[in-house]
Every structure is written in structure tokens, then in C-alpha cells.
Amino acid sequence: SSGINAEYGGGAAQPAASLSLVGWDAAQCEVGSKNKQIHCPNCRSKICLADAAVLVEIEMKMSRYKVDAPETEVVTKFWCLNSLMAFENIGVSNLVENIKFLCCADCEVGPLGWHDITDKSKFYIAAERVRYLE
């Protein structure tokens, strides 16, 4: 455990450790559908609220975020958000060839997604790299 005990707004605060989160396989989402509430796979911090993003297919080569993963991988399913303000919690990397990679702002695990600075209305979160509120 990272020792982070994030709490969430909206009525009584609920510690992250008590949330029932599922992975991509259990989320069962189709391209064009809206998202369930998205959380960090590491510290469980809330990344964005339900219905804030749409699932799209687009290819992006991303560096690994798990120790046992390949150095880079091509990721094809992303949640697309239309504004940085649509996130509850996200960190942004330094610029690498017009791309800023996204990570958890609390524990810095990532990259969880990316943003091309030439298109200010699209921010992508890799569907397989996050967890979902059940």
C-alpha cells in the first residue's frame, strides 16, 4: 500500500480502500460508450467521474507502467475527455514531441494516458491501465 488514503466528495467521504474497483476485463465497455468512474490502478485515487469520457479506438505507443511489461506497447482503446478540467485528478508530464503524458497526480503512476498539445480538446486515458468503480 502506498499509504495514501484519498477521500471523495459528494456526501459522506468514502476512503479509497473501501471502494469496489474492477479492471478493464470486468468493465465491459464498447467503443462509443460513456465511462464508469475511473480510478488510479495504484493508489485508487479518483481520476474522473462517470460519463465524463467516451471510449475511442486510436493507436498510441506508450512506455510501460508495470515493471513486468514490455518497454513500450501500442495501446488502442482510450477514454477521450474534452478538457483538462474534466478530470478530478491528473498529472501532466513535460512535453515530448508535442505529446504530454498523463499520470496519477497523487502517486505519479503512469503513463496512464496522453494529450497532443496541437489539439486542445482531446485528452486520452488508456482504458486497460485504470480501474473502474463497480
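Here the structure is a predicted model, which is why all the values come from computation and not from measurement.

Draft legend 1. Quick peek at the sheet that holds strand E10 (residues 131–133). Pairing in this open sheet of 4 strands is antiparallel, and the strands run E1-E10-E2-E3 from one edge to the other. The open sheet terminates on both sides in strands that have one partner only, identified here as strand E1 (21–22) and strand E3 (46–48). Examined bridge by bridge, strand E2 (residues 38–39) and E10 share 2 bridges and lie antiparallel to one another. Looking across to E10, one finds that His39 is bridged to Arg131.

Draft legend 2. Expanded view of the pairing of strand E6 (residues 91–96). Bridge count between E6 and strand E7 (residues 99–103): 4 bridges; the pairing is antiparallel. The partner of Gly91 across the bridge, within E7, is Cys103. Counted along the chain from E6 to the antiparallel partner E7, the turn is 2 residues long, and its residue Glu97 has a positive phi close to 50°.

Draft legend 3. Main features of the packing of aromatic side chains. Under the defined criterion, the tally for this structure stands at 5 aromatic pairs. When the ring of Phe78 is compared with that of Tyr124, the centres are 6.0 Å apart and the planes differ by 75°; the resulting orientation is edge-to-face. Remark: Tyr124 occurs in strand E9 (residues 123–126) and Phe78 occurs in strand E5 (residues 72–81); sequence separation between them is 46 residues. A residue is classified by how much of its surface remains accessible, and Tyr124, at 9% relative accessible area, is buried. For the ring pair Phe87 and Phe123, a centre distance of 6.2 Å and an interplane angle of 80° mean the geometry is edge-to-face. One end of the pair, Phe87, is in the loop between E5 and E6; the other, Phe123, is in strand E9, with 36 residues separating them in the sequence. Overall, the relative accessible area of 6% leaves Phe123 in the buried class.

Conventions and cut-offs
Residues numbered from 1 in each chain as written. Predicted model: local features only at pLDDT ≥ 70, side-chain atom pairs only at ≥ 80, totals over all residues. Heavy atoms only, no water. Pairing = 2+ DSSP bridges. Helix = DSSP H or I, 4+ residues; strand = E, 2+ residues; numbered from the N terminus. Phe/Tyr/Trp six-rings, centres within 6.5 Å; stacked < 30°, edge-to-face > 60°. Buried < 20%, exposed > 50% of the residue type's maximum accessible area, 1.4 Å probe, protein only.

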